[in-house]
Amino acid sequence: MPERGRGSVGTGLVEQRHNLPGQLSRFVDRDRELTGLRRLVLEQRLLTLVGTGGVGKTRLALRLAEAVRRQFPSGVWLVDLSLLQEPEMVARTIAQTLGIVEQGQADALDQLVAELGSQRVLVILDNCKNLVDAVAPLGERLLRSCPHLTLIATSRERLGVGGELVWRVEPMEVPASERRYDAEELAGIGAVELFLDRARRSSPEFTVDSENVQLVSELVRRLEGLPLGIELAAAWCGVLSPADLSDRLSNRFRILTSRDRTMPSRHRSLRAAIDSSYDFLRPEERFLFRRLGMFVGGWNLESMEAVCGLQPGEGFEPLARLVDRSLAAMQPSTAVPTRYRMLGSLREYAVEKLSEAGELDSARSAFCAYFLHLAETAQLHIYEPAGARWLSVLDAERDNWRSALEFAVVEDPGAAIRLAAALTPYWDFRGFYAEGRFRLSICVAAVAEPSRPLAQSLRGLGLMAWAQGDHPYATRQVRRALAVANRLGDAAAAALALQQLAQIRFAAGDLTTARARLDRAIELARNAASQDALGLCLFRLGLIEMAEGRWQEAEELLRESIRLGRAADDSERVAVGSTYLGRVYLETNRLEQADATLRESMRLWRPHGSPRQIARILESMAAVAAERGENVHAAWLAGATLGLLERAGVKVAPPIDRDMDSRVERALSAPGTSRPFAAGRLADIGAAMRYAMGEEEKQAPTAETAKPPSPFGAGLTKRQLAVARLVAQGLTNREIASRLYISDRTAEGHVEQVRNKLGFSSRAQVAAWAAQHLPPL
Ligand SMILES: Nc1ncnc2c1ncn2[C@@H]1O[C@H](COP(=O)(O)OP(=O)(O)OP(=O)(O)O)[C@@H](O)[C@H]1O
Ligand SMILES: [Mg+2]
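Residues numbered from 1 in each chain as written. Chains lettered and ligands numbered in written order. Predicted model: local features only at pLDDT ≥ 70, side-chain atom pairs only at ≥ 80, totals over all residues. Heavy atoms only, no water.

1. Concerning the site of ligand 1
And step 1. Close contacts around ligand 1 come from 22 residues, with Val-28, Lys-57, Thr-58, Glu-231 and Ser-345 the closest.
And step 2. Between ligand 1 and the protein, one listed contact pairs an oxygen atom with a side-chain N or O atom of Lys-57 at 2.7 Å.
And step 3. Between a nitrogen atom of ligand 1 and a side-chain N or O atom of Arg-198, the distance comes to 2.8 Å.
And step 4. Summarising the interface, the protein chains cover 93% of the accessible area of ligand 1, which totals 620 Å² for the free molecule.
And step 5. Of all the elements in the fold, those that place two or more residues in the shell around ligand 1 are helix H2 (57–68), helix H7 (190–202) and helix H9 (227–234). (Near = heavy atom within 4 Å. Polar contact = N/O pair within 3.5 Å; in protein donor to acceptor, adjacent residues only side chain to side chain. Areas by Shrake-Rupley, 256 points an atom, 1.4 Å probe, with all protein chains shown as cover. Helix = DSSP H or I, 4+ residues; strand = E, 2+ residues; numbered from the N terminus.)

Here you go:
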């Protein structure tokens, strides 16, 4: 496995401060609930919205979150838990959603606690129903440790956590049975309003008038005010009159009542609504609907056609009819291709129907086969110049491939191991090492037969553990990979395993063993005529030569590895090789070549946006600038390097980095460099790359124009946060000193450090930042 190491995270949701999805349909009614909930959510720490399926819990939680967004300056996050099966993944999923970068082997929950700290954040845990046992203790710990965190949970039952406020979401208001309404009055009742709004989507002329007023009134009563049922029924208004609709519903309801007397009435109503919608579909639409139930994470036309066994273009019309009938929905987003989704209650129903129709197994295999194919295609192209696109594809399909992996581990371990192996580069690029390790370890435990994907997965597992700093475990896994490769007689796979063992020894500073392993790996790679393995081994040997100061040997090896990378269209190989070759040029005083090579490397890396690699290039660019006496430029680049590494949680310093800082440090001691350094430190990865490539007009962004840091990772200590708050209250240094029982000088020092860390030049900027980002105490 190439040097695809740590901290390569690119999602960066933290910058956006919320991930609330847009809505395509109108929100109706619920004013009374919202008035109460708005107050409660600011007073309570844990609010659980409890209610039956389809009653509108999620929609209400989202509306509430929108309404109070401003009171949570550090962010509002929706975490969908409905798709999770494994309790182990709950904390990790929350952290991933918040864009929190993994730190070594740190426990996800500990890390969440540390990152959330005293930020004022609102997190919605949507649909806890499968995982109440895991969510409850997690919620308790988060609330205890993060004083300004508020949680909203939606669930069919309470979580049972101390301090939980349970809010029962009732169905919408329905017309009273004993009263007769006129049309206008009726249209003002919540459930009717929703019915009319949705009915007009399929039949724009639809209104309540004296003719149908009684029927509409009965219909929404029959649906017991459940928004999902109402939406489903209303979607047929272009085709059926309210009288027909009402008849169908009553029929279905009767059937359900006679079949299952224990089913609660509301459940029965919703079920009747879904049943009637389903009954009305044509056979090919029903088939499609059932199969679409497989997609826990939504679908696009391509994945739909593949999983449902349709010819290109064949599925569009039936899909459009499902959308018209509210049985599926387009996801509001500008993303291409368009994605569609099914609400949880409908998906559960679809899967039930799949099972009744005896199609569950075939649907599952088709689903797994598609995502296996997708992941293997991604793996094949991810290192190519345009490969970064595949990272986004796998991001969008995350819930689906997770689900495919879970099925496959049980049903078809051979497919599971291939899928896990194919996903390894994704986990690596994104820095999702804990998830990668968790899933790879389950998959490798599920197969006994030696195979190439097994060897690859074991190396992947070793890579994840290595990136987390767990070298002994990593070594054991890679040794197993080597044993598998040997049993298969696969010299290329053995070479890859050996070079990985060398990588681990190298990181530990044991250059002798690393070199011995590489010598053997190179021999094997040559025997197997594997250019891929050879390129990687030569690169790694180049690093050892560099570490030992043998620049000429290093140069030759790196050049050869770059050449092999070019021949294979592996832009990562070329990019990584160029990063270090640039460094060799720098060390041997060929500054022009160093500059050109580093820029080439940056150009190649750019689309993948991997902070660790970009930081390494910036670091060398800073040294080139320092050598040239361009101190301000060097300072900005050094600041940017540090900022990226800090935010990506990278702590590695391989042996070759020992003298790196001396040149840059000299530059930093020159006058006028502290501000550009601070400004660079705030730059996000995009700004840093633009600046380094000279696209920002060679003019370093100043602290004033740089984006203010996210409160996560602004890196202020507790004391510094306290000082920042007091600055925001307009206190002088002396006043701050007396408030915190410290000397004037110490207070002054703190203010200075806060300004430097935030990259600001004035107190006023600190005050503005603190007022915006820090909750009042
Ligand atoms: N107040 C409302 N205004 C408009 N539409 C609503 C409203 N409440 C719910 N809906 C719609 O009704 C459907 C079901 O609502 P929602 O998904 O929020 O239910 P839920 O209680 O979360 O269900 P589940 O238990 O299955 O998760 C959705 O299509 C939603 O958009
Ligand atoms: Mg819901």
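2. A closer look at the environment of Pro-87
And step 1. Of note, Pro-87 is situated in the loop between strand S2 (76–80) and helix H3 (89–97).
And step 2. Sequence separation of Pro-87 and Asp-133 is 46 residues, and the distance between their C-alpha atoms is 8.2 Å.
And step 3. Residues contacting Pro-87, with those up to four places away along its chain left out, are Leu-131 and Ala-134. (Contact = heavy atoms within 4.5 Å.)

3. Describing the pairing of S2
And step 1. Burial analysis of S2 places 4 of its 5 residues in the buried class, the great majority of the element.
And step 2. Note that S2 and strand S3 (residues 121–126) share 5 bridges and pair parallel. Pairing of Val-79 across the sheet is with Leu-125, part of S3. (Buried < 20%, exposed > 50% of the residue type's maximum accessible area, 1.4 Å probe, protein only. Pairing = 2+ DSSP bridges.)

4. Notes on unusual backbone geometry
And step 1. Although it is not a glycine, Arg-30 adopts a positive phi angle of roughly 65°.
And step 2. Taking the relative accessible area as the measure of exposure, Arg-30 reaches 3% and is therefore buried.
And step 3. At Asn-127, a residue that is not glycine, the phi angle is positive and equals roughly 65°.
And step 4. One can find Asn-127 in the loop between S3 and helix H5 (132–145).

5. Here we look at the packing of aromatic side chains
And step 1. Applying the stated criterion to the full structure yields 19 aromatic pairs.
And step 2. Measuring from centroid to centroid gives 6.3 Å for Phe-289 and Tyr-349, while their planes differ by 50°, and the two rings are tilted. Taken as a pair, Phe-289 in helix H12 (residues 283–292) and Tyr-349 in helix H15 (residues 344–356) lie far apart in primary sequence, 60 residues in all.
And step 3. A residue is classified by how much of its surface remains accessible, and Phe-289, at 0% relative accessible area, is buried.
And step 4. The class for Tyr-349 is buried, based on a relative accessible area of 2%.
And step 5. For the pair Trp-299 and Tyr-340, a centre-to-centre distance of 6.3 Å together with 20° between the ring planes defines the contact as stacked. Taken together, the residues Trp-299 in the loop between H12 and helix H13 (301–307) and Tyr-340 in strand S7 (residues 340–341) connect sequence positions 41 residues apart.
And step 6. The rings of Phe-295, Trp-299, Tyr-340, Phe-367, Tyr-370, Phe-371 and Phe-407 are connected pair by pair, giving a single aromatic cluster.
And step 7. One cation-aromatic arrangement involves Arg-179 over Tyr-181; the distance from NZ or CZ to the ring centre is 4.4 Å.
And step 8. Here Arg-286 stacks its cationic end above the ring of Tyr-278, 5.6 Å away from the centre of that ring. (Phe/Tyr/Trp six-rings, centres within 6.5 Å; stacked < 30°, edge-to-face > 60°. Lys NZ or Arg CZ within 6 Å of the ring centre and 35° of its normal.)

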